[in-house]
Amino acid sequence: KANLDVAQKLNITARKGDTFRLKVSFKDSSNTAITVNNYTYRLQVRNSASDDSASGAIIDISGDGSVNSNGFEIGSSNGDVTIHISATTMNEIDGGRYVYDLEAKHNTDNSLIQTWLKGNFVVNEDVTVNA
């Protein structure tokens, strides 16, 4: 029996209109930090896992560690990746239950693509309206 699915389940709950910052530490099977700056990352949030249409992503961010309002901050040797989603982007999402995954593509071996995280992405409605 071989299971090549390395994705770990991590359910996320966020709030509509709030800045989203989530720091995750990645380690290999021997508990050693992965050299995360060897990868480019992509995260998509969708209504369902079966919605694979080109326009179906509610959030679609990618990057190699050059942080802007939506992107990824990479820890050089400690295995840390911080996911950033701006308050503006989060404000455009209706409260509800979605799914997401985080994919990593190796920078020197472009054929090595792995999904590292997956799960539910729940957005709670906000009371204070951001203008």
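For the structure itself, consult the block above.
In this text the structure is predicted, and so the values were computed from the model without any measurement. Counting of residues starts from 1 at the beginning of each chain's written sequence and follows it residue by residue. Per-residue local features are limited, in this predicted model, to residues with pLDDT of at least 70; the limit for side-chain atom pairs, both in listing and counting, is 80 or more; totals at the level of whole chains, interfaces and linings are taken over all residues. As a rule here, side-chain values cover all heavy atoms of the structure and leave hydrogens and water aside.

Trainee: It is not clear to me how the overall build of the protein chain should be interpreted in this structure. Could you clarify?
Mentor: Each helix and strand counted, the protein chain has one helix and nine strands in total. A run of H or I in DSSP becomes a helix once it reaches four residues, and a run of E becomes a strand once it reaches two; helices and strands are each numbered from the N terminus. Helices and strands in the protein chain line up, N terminus first, as β-β-β-β-β-β-β-α-β-β. Here the radius of gyration uses the C-alpha set of atoms, whereas the globule reference equals 2.2 Å times the residue count to the power 0.38. A compact globule built from 131 residues should have a C-alpha radius of gyration of about 14 Å, and the protein chain, at 15 Å, falls within 12% of that. For the C-alpha atoms alone, the extent of the protein chain along its principal axes is close to 45 × 35 × 25 Å. Residue burial is assigned from relative accessible area. The probe radius is 1.4 Å, only protein chains are included, and a residue is buried under 20% of its type maximum, exposed over 50%, and partly exposed in between. Here the protein chain, with 131 residues, has 36% of them falling under the buried criterion.

Trainee: Help me out: how do you make sense of the nonpolar core in this one?
Mentor: A general feature of soluble globular proteins is that nonpolar side chains tend to end up buried together. Judged by nonpolar contacts, the single largest core of 28 residues is most densely connected at Phe26, Tyr41, Leu43, Ile59, Phe72, Met90 and Phe121. Any two residues whose heavy atoms approach within 4.5 Å at even a single point are treated as in contact. Setting aside residues no more than four positions away along its own chain, phenylalanine 121 makes contact with Ile12, Phe20, Val45, Ile59, Ile85, Met90, Gly96, Arg97, Tyr98, Val99 and Tyr100. Only buried Ala, Val, Leu, Ile, Met, Phe, Trp, Tyr and Cys residues count toward a nonpolar core, and they belong to the same one when joined by side-chain atoms within 4.5 Å.

Trainee: How should I be thinking about the packing of aromatic side chains in this particular structure?
Mentor: One pair of aromatic rings is described through two measures. These are the centre distance and the angle between the planes. Classification of ring pairs rests on two measures: the distance between centres of Phe, Tyr or Trp rings, Trp counted by its six-membered ring, which must be within 6.5 Å, and the angle between planes, read as stacked under 30 degrees, edge-to-face over 60 and tilted in between. Counted by the stated rule, this structure contains seven aromatic pairs. Ring centres of tyrosine 100 and phenylalanine 121 lie 6.2 Å apart, and the angle between their planes is 65°; on these two criteria the pair is classed as edge-to-face. Residue tyrosine 100 is found in strand E8 (residues 96-106), and its partner phenylalanine 121 is found in strand E9 (residues 113-124); the two are separated by 21 residues along the sequence. In terms of burial, tyrosine 100 and phenylalanine 121 fall into one category: buried. Here a set of aromatic residues connected by ring pairs shows up, and it is made of Phe26, Tyr39, Tyr41, Phe72 and Trp116.

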